[in-house]
Amino acid sequence: MGSLENGVPVKRDPLLRSSSTKGLGFQRPILRFSRFLFFGKLDYLQWVCTVAVFCFFVVLFQMFLPGLVMEKSGDSLKTENGYGDLSFIKNIGGLDFGEGIRFEPSKLLQKFQKEADEINHSSAPRLRHRLGYRKPQLALVFPDLLVDPQQLLMVTVASALLEMGYTIQVYSLKDGPVNAIWRNVGVPVTIIRNVAKSAAVVDWLSYDGIVVNSLEARGVVSCFVQEPFKSLPLIWTISEGTLATRLRQYTSTGKMELVNDWKKLFNRATAVVFPNYVLPMIYSTFDSGNYFVIPGSPAEAWEVDNFIASHRDSPRVKMDYGPDDFVIALVRSQFLYKGLWLEHALILQALLPLVAEFPVDNNSNSHLKIIIISGNSANNYSVAVEAIALNLQYPRGVVRHIAIDEDEADNVLAAADILIYGSFLEEQSFPGILIKAMSFGKPIIAPDLSMIKKYVDDRVNGYLFPKEKISVLTQIILQMISEGKLSPLVHNVASLAKDAAKNLMVMETVEGYASLFENLLKFPSEVAFPKAVTKIPPKLKEEWKWNLFAASAYSTYANRTLRSLRFLDKLEEQWSQSQTGGSGSVIAIDESFPYDIWEEEKLIGIANARKRREEDELKDRTDQPRGSWEDVYRSAKRADRAKNDLHEREEGELERTGQPLCIYEPYFGEGTWPFLHGTSLYRGIGLSTKGRRREADDIDAPSRLPLLNNPYYRDALGEYGAFFAIANRVDRIHRNAWIGFQSWRATAKNASLSKIAETTLLNAIQARKHGDTLYFWVRMDMDPRNPSQLDFWSFCDAINAGNCKFAFSEALKKMYGIKRDWDSLPPMPVDGDTWSVMQSWALPTRSFLEFVMFSRMFVDALDAQIYDDHHQRGHCYLSLSKDKHCYSRVLELLINVWAYHSARRMVYVNPQTGEIHEHHKLKNRRGHMWIKWFSYATLKSMDEDMAEESDDEHPMRRWLWPSTGEVFWQGVYLREKNQRIQQKEKRRQQSKDKLSRMRRRSHQKVIGKYVKPPPEEDMENSNSTTV
């Protein structure tokens, strides 16, 4: 939202921009008022009266209004149950009649337009096709499944989305009565018991879009801040304003880290959706251009029904109004501006003739009661309202100002006989206060604003008057009242309005969400595009799904605002505890922090440090044999070479050494940690140094393959980055006879090996039951992307925009150096068997190295034809939209092509039962395999040719192959051998030179000879002699 990102939550109208350059914001109220009067063509009598009233107010409001307009007390915003009166919108500047208040999601709209233009003007080298074999999938996340208006809204929207072709899955942090309603609609529900571990049960990458509802689902949103879920489209719907009132409190009390945590989550969302145009303005602190408004909600009608069901006593009695009193409620817009008092004055003047219709009683009290409802404004506004009433000669007690929020106005609306909307501001959506009044069955009178005329037909379900001619309001109000009561015609109009308010703006809400998904979500090529918004059946856009919630009593409805306040209180308490403990981050809700484990680990570390210190001291005190300096030097060098083998090995590492198989689990980001195994059979390999698990024996792939430090190739290669990193000098980290890989997504989809399957696989390997075999346990025919049971090449085309076969053919041509026009493909027959997907398989280590040798050349050929366009513009012909994982889906199936045509047996292991079944038996493959193309001798010769070219010529062109692993050929071996011989000869020559220098060393002659002196007793009689 470009209009909010700089802290100014409005977009100016073109007519007002000339004054903004001077910093005034808007024209003075007096000039605007004069223009309003002349333009309105008011009649002469009304003009004279208005001038007189205005002259009186010039002095009066100079005393009272400055405090009203400019006061910014923090206490005026804070209420128990809501977000106050929105008075801080006055901080924008001097709003006169509010015509400049507008919200436009400019950044999102520009983003939608830019993406549409890119698709329309795309110059991809190949046509891309959407094959559409599966439905688009959405995940809806709720903090609970209690009965509330947001559940009613989302059930209504979901019903339309299901009709459009979406598949929906609901996740909730707590169970509730709405669970049965969702299942009745046909949407499965999953309960996430622990927010902090939600990722442990959900593979969010399976969904094309995520919709999170309410601030209370904050813990789930935090999962999408981590990789690999950071790029998922996330829509966060927020209907509560409670957090906005806390922001000023957080800022004043120095809780900026808490504010920054919230801002980080708001910025993560692809779109933050609000149900009205007020909420994005009060949340402008967090706006990063991703705010969006979809107007419409059943909340107003729901709250009115709940109020009527829970309040048996008459509201008029509570407010001390008798049965003969006629109550008129005068309400305003949710936006506060300076010209508001003037609008109230004009309407009070138009209502003045009603005083004569209601004579005073014996106590000089009039039965006419006019209540002006506004937010919690300054106290001097009540004084101003009283002054207006007295100047207009209203009897004392007729006009009354009540400073309450719109959310708390239910008692007044229920007690009123008529509601008048007293704001002339052209708003962008229908005012919620009018929906409430209509739901109460009260007749409404409102100016003929464009947004109000859209839903209110004059004298059908409400009454309209032209804002330029206030005298019409007097005529309307006099026609509505007969002998101090509403006429029967007015009651009929109010009844029609009540029926209309029940399902007001349903169509705007349903079409708004459908259009947002259509513009925001980017579906893969295997996903069928949903129906157009215009194809939604009219019956799904006419009313909310009240019938599904009829069985749920309103007594089960818990006020969402109160729940949101309790949630924020709990969050602040946990934040304070984390600050006391020295941590700067907010602990996730419901997360039990393992302080005991930390304390135990700390004590163990202290004990180990003390033990090592004692051992070092004892070692220093022990007598150690000392040899020559050469012995000491050799011992030091030997210890230095063996220092990596002297570390204390973990139990898992020791167990892994004696196993025939080690399964590596590639991962990227903290979001994958819960899916990784911790037993000795498995070992993690992190594709990024930053996202590695702490205190785990994981392999750092970028340190073994520097290519992965490049984010482009880390994302493009995917799991193949781990393959290349392991194969690069494999004997340094992997000493097992067999090697396996398993995607973390297989665990998320419950397709990973169970204990029974692990045992069966290990037994088959140790018994050499199948020889040189590819064992796999995730089947292509059970992949959710393949509901139509497609054959191998059709499935590959489906997930690669219809260009998989072309990419394979071009890569093989470049790889094998075929110059002529050739478009053949290795046959992958349809014989009733299936293939491996999701990179979950096991191979003999020697065969794995052969596969990596083939894969490096294939990836290099594939990269050569895709890199330029993909790296510069983000587009490639294997995807319909920008995709950083461009050719990872082609590589996912490569293992099948190599295994089939290199004559490896392919055996499927059932991950649950451990049952083993061979697929594509060798005897049935004869005549179909390209053995010469995939034989070890052919691949080895090609590998050596590329290594020789890289080693000798050092080509300056961009070339991926040398960066994917070792560069080795016979010349490298001979050169290294010659280098070793030369180094040995050099050391030998240095030793000879040293001995020669020692032999030729000259000895210095003796300068003199010392003679021992005689005993002391002879010192006196003799002298010492020196010769």
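Residues numbered from 1 in each chain as written. Predicted model: local features only at pLDDT ≥ 70, side-chain atom pairs only at ≥ 80, totals over all residues. Heavy atoms only, no water.

Caption draft 1: Representation of the overall build of the protein in the model. Broken down by element type, the protein carries 40 helices and 23 strands. Here the protein holds 1027 residues, and 53% of them are scored as buried. Considering only residue pairs separated by 6 or more positions, the protein has 74% of its internal contacts joining residues 24 or more positions apart. Put simply, the protein shows about 50,200 Å² of open surface, and 51% of that area lies on carbon and sulfur atoms. (Helix = DSSP H or I, 4+ residues; strand = E, 2+ residues; numbered from the N terminus. Buried < 20%, exposed > 50% of the residue type's maximum accessible area, 1.4 Å probe, protein only. Contact = heavy atoms within 4.5 Å. Areas by Shrake-Rupley, 256 points an atom, 1.4 Å probe, with all protein chains shown as cover.)

Caption draft 2: Seen up close, the packing of helix H34 (residues 845-873) against helix H36 (residues 894-901). Contact geometry for H34 and H36: axes closest at 11 Å, N-to-C directions at 120°. Taken together, the axis directions place H34 and H36 in an arrangement best described as oblique. Our pair here, H34 against H36, has a crossing hand that is right-handed. Within the contact between the two elements, H34 uses Ser-847, Glu-850, Phe-851, Phe-854, Ser-855 and Phe-858 and H36 uses Leu-894, Ile-895 and Trp-898. (Axes fitted to C-alpha atoms, helices over the stretch in contact; angles between N-to-C directions. Parallel < 35°, antiparallel > 145°, perpendicular 65-115°, else oblique. Left-handed = near helix turned anticlockwise from the far one by under 90°.)

Caption draft 3: Representation of the pairing of strand S23 (residues 916-919). Pairing geometry for strand S22 (residues 905-909) and S23, over four bridges, is antiparallel. The residue of S23 that forms the bridge with Val-907 is Glu-918. From the end of S22 to the start of S23, which pair antiparallel, there are six residues, and Gly-914 there has a positive phi angle of about 80°. (Pairing = 2+ DSSP bridges.)

Caption draft 4: Structural context of a nonpolar patch on the surface. Taken together, Phe-968, Tyr-973 and Leu-974 make up a surface patch of nonpolar side chains, about 270 Å² in accessible area. Turning to its location among the elements, Leu-974 is positioned in helix H40 (residues 970-999). (Patch = residues over 30% accessible without salt bridge, like charges linked within 9 Å, V, L, I, M, F, W, Y side chains within 5 Å. Salt bridge = Lys/Arg side-chain N within 4 Å of Asp/Glu carboxyl O.)

Caption draft 5: Representation of the nonpolar core. Among the nonpolar cores identified, the biggest contains 108 residues, and Phe-808, Met-815, Trp-841, Phe-848, Phe-858 and Tyr-887 are the most heavily contacted of them. The element that contributes the greatest number of residues to this core is H34, accounting for 12 residues. Ignoring sequence-local partners within four residues, the contact set of Phe-848 consists of Phe-723, Ile-726, Ala-727, Ile-739, Phe-741, Trp-841 and Leu-843. Counting residues in hydrophobic clusters, the runner-up holds 99 residues, among them Trp-262, Phe-274, Met-480 and Phe-675. (Core = buried A, V, L, I, M, F, W, Y, C linked by side-chain atoms within 4.5 Å.)

Caption draft 6: Spatial organisation of empty space enclosed by the protein. Counting across every chain of the model gives five cavities of 30 Å³ or more. If you add up the space inside the second largest cavity, you get close to 90 Å³. Forming the walls of the second largest cavity are 13 residues, and the residues nearest its centre are Gln-150, Leu-153, Phe-274, Pro-275 and Tyr-513. Its residues assigned to classes, the lining of the second largest cavity shows seven nonpolar, six polar and no charged. (1 Å grid on protein atoms, 1.4 Å probe; cavity = no way out; pocket = protein on both sides within 12 Å on 5 of 7 lines; lining within 4 Å. Points joined across faces, edges and corners; volume = space filled by probe spheres on them. Nonpolar A, V, L, I, M, F, W, Y, C, P; charged D, E, K, R; others polar.)

Caption draft 7: The arrangement of the sheet that holds strand S12 (residues 444-447) in detail. With respect to topology, six strands assemble into an open sheet ordered S10-S9-S8-S11-S12-S13, the strand pairing being parallel. Two strands in the sheet have a free side with no partner beyond their single neighbour: strand S10 (399-403) and strand S13 (463-465). Across the sheet, the axes of successive neighbouring strands diverge by a mean angle of 20°, strand direction being ignored. Pairing of strand S11 (residues 418-421) with S12 involves two bridges; the strand directions are parallel. When the sheet's bridge partners are listed, Leu-419 is paired in S12 with Ile-444. Its contacts with the sheet put helix H19 (residues 471-480) on strand S8 (326-331), S11, S12 and S13, and the angle it makes with S13 is roughly 155°.

Caption draft 8: Highlighting the sheet that holds strand S16 (residues 661-667). Spatially, the eight strands line up as an open sheet ordered S18-S17-S16-S19-S21-S20-S22-S23, and their pairing is mixed. In the strand order of this sheet, the two ends are held by strand S18 (699-700) and S23, each with one partner. By the bridge criterion, five bridges tie S16 to strand S17 (residues 682-686) in an arrangement that is parallel. Within the sheet, the bridge partner assigned to Pro-666 lies in S17 and is Ile-685. Along the sheet, H34 contacts strand S19 (738-741) and strand S21 (841-844); its crossing angle with S21, the most-contacted strand, is approximately 105°.

Caption draft 9: A look at the pairing of strand S20 (residues 773-776). Taking every second residue as pointing to the same face, both faces of S20 are buried, with Thr-773 and Tyr-775 on one and Leu-774 and Phe-776 on the other. Alignment of S20 against S22, held across four bridges, turns out to be parallel. Bridged to Thr-773 within S22 is Arg-905. Across two bridges, S20 lies against S21 in antiparallel orientation. Residue pairing across strands places Tyr-775 opposite Ala-842, the latter belonging to S21.

Caption draft 10: Summary view of the state of the cysteines. Applying the stated criterion to the full structure yields two disulfides. Two residues, Cys-796 and Cys-804, share a disulfide whose sulfurs are 1.7 Å apart. Given an S-S torsion of about 75°, the disulfide between Cys-796 and Cys-804 has right-handed geometry. Overall, Cys-796 belongs to the buried group, its relative accessible area being 0%. On the basis of relative accessible area, Cys-804 is assigned to the buried category, the value being 0%. A disulfide bridge connects Cys-876 with Cys-886, and the sulfur atoms are separated by 1.9 Å. Because the sign of the S-S torsion sets the handedness, a value of about 115° for the bond joining Cys-876 and Cys-886 places this disulfide among the right-handed ones. (Disulfide = S-S within 2.5 Å.)

Caption draft 11: View of the pattern of salt bridges. Under the definition given, this model contains 29 salt bridges. Taking the shortest distance from any N to any O, the salt bridge between Arg-958 and Asp-863 comes out at 2.9 Å. Here Arg-958 is found in the loop between helix H39 (936-953) and H40, whereas its partner Asp-863 is found in helix H34, with 95 residues between them in sequence. Overall, Arg-958 belongs to the partly exposed group, its relative accessible area being 40%.

Caption draft 12: Inspection of H34 at higher detail. In the structure, H34 departs most strongly from a straight axis at Ile-866, where the bend amounts to approximately 55°. Note on H34: the residue one or two positions beyond its end, Gly-874, has a positive phi of about 85°. (Bend = angle between axes of the 7 residues up to and from the residue.)

Caption draft 13: Structural view of helix H20 (residues 488-502). Taking 1.5 Å per residue, 15 residues should reach 21 Å; H20 reaches 22 Å between its end C-alpha atoms and fits that length. Buried within H20 we find Val-490, Val-493, Ala-494, Ala-497 and Ala-501. For H20, the angular spread of buried residues about the axis comes to 100°, placing them on one side. Facing away from the buried side of H20 by over 90 degrees, the exposed positions are Pro-488, Leu-489 and Asp-499. Each element contacted by the buried residues of H20 is listed here: helix H11 (299-310), helix H17 (432-439), S13, H19 and strand S15 (485-486). (Expected span 1.5 Å × (residues − 1). Arc of directions from axis to C-beta.)

Caption draft 14: Inspection of the packing of aromatic side chains at higher detail. Under the criterion given, the structure shown has 52 aromatic pairs. Both rings, one in Tyr-816 and one in Trp-933, keep their centres 4.8 Å apart while their planes meet at 65°; by these two values the pair is edge-to-face. On the criterion of sequence distance, the pair formed by Tyr-816 in helix H33 (residues 804-816) and Trp-933 in helix H38 (residues 931-934) is long-range, its members being 117 residues apart. When the centroid spacing of 5.9 Å and the interplanar angle of 85° are considered together, the rings of Trp-841 and Phe-851 count as edge-to-face. One end of the pair, Trp-841, is in strand S21; the other, Phe-851, is in helix H34, and 10 residues separate them in sequence. Each member of the pair Trp-841 and Phe-851 is classed as buried. Through a chain of ring-to-ring contacts, the aromatic side chains of Tyr-664, Tyr-720, Phe-723, Phe-724, Phe-741, Trp-841, Phe-848, Phe-851 and Trp-898 assemble into a single cluster. In this structure, Lys-502 is placed above the aromatic ring of Trp-546, and the distance from its NZ or CZ to the ring centre is 4.3 Å. A cation over an aromatic ring shows up here: Arg-958 above the ring of Tyr-867, its NZ or CZ 3.6 Å from the ring centre. (Phe/Tyr/Trp six-rings, centres within 6.5 Å; stacked < 30°, edge-to-face > 60°. Lys NZ or Arg CZ within 6 Å of the ring centre and 35° of its normal.)

Caption draft 15: Region of interest: the environment of Lys-769. Mapped onto the elements, Lys-769 comes out in the loop between helix H31 (755-766) and S20. The class for Lys-769 is exposed, based on a relative accessible area of 57%. Aside from chain neighbours lying at most four places away, what touches Lys-769 is Ala-764 and Arg-905.

Caption draft 16: Representation of the packing of helix H5 (residues 149-164) against helix H21 (residues 506-520). Close contact between H5 and H21 brings their axes to 10 Å; oriented N to C, the two are set at 55°. Viewed along their axes, H5 and H21 adopt a mutual orientation that is oblique. Regarding H5 and H21, the two cross each other, and that crossing is right-handed. Contact residues: Leu-153, Thr-156, Val-157, Ala-160, Leu-161 and Met-164 in H5; Val-506, Thr-509, Val-510, Tyr-513, Ala-514 and Phe-517 in H21. Along the lines of polarity and charge, the residues of the contact of H5 with H21 split into 10 nonpolar, two polar and no charged.

Caption draft 17: The side chain of Asn-213, seen in detail. Position of Asn-213 among the secondary structure elements: in strand S4 (residues 209-213). A distance of 2.7 Å separates the side chain of Asn-213 from the side chain of Thr-237, its partner in a polar contact. Residues contacting Asn-213, with those up to four places away along its chain left out, are Val-141, Phe-142, Pro-143, Gln-150, Met-154 and Thr-237. (Polar contact = N/O pair within 3.5 Å; in protein donor to acceptor, adjacent residues only side chain to side chain.)

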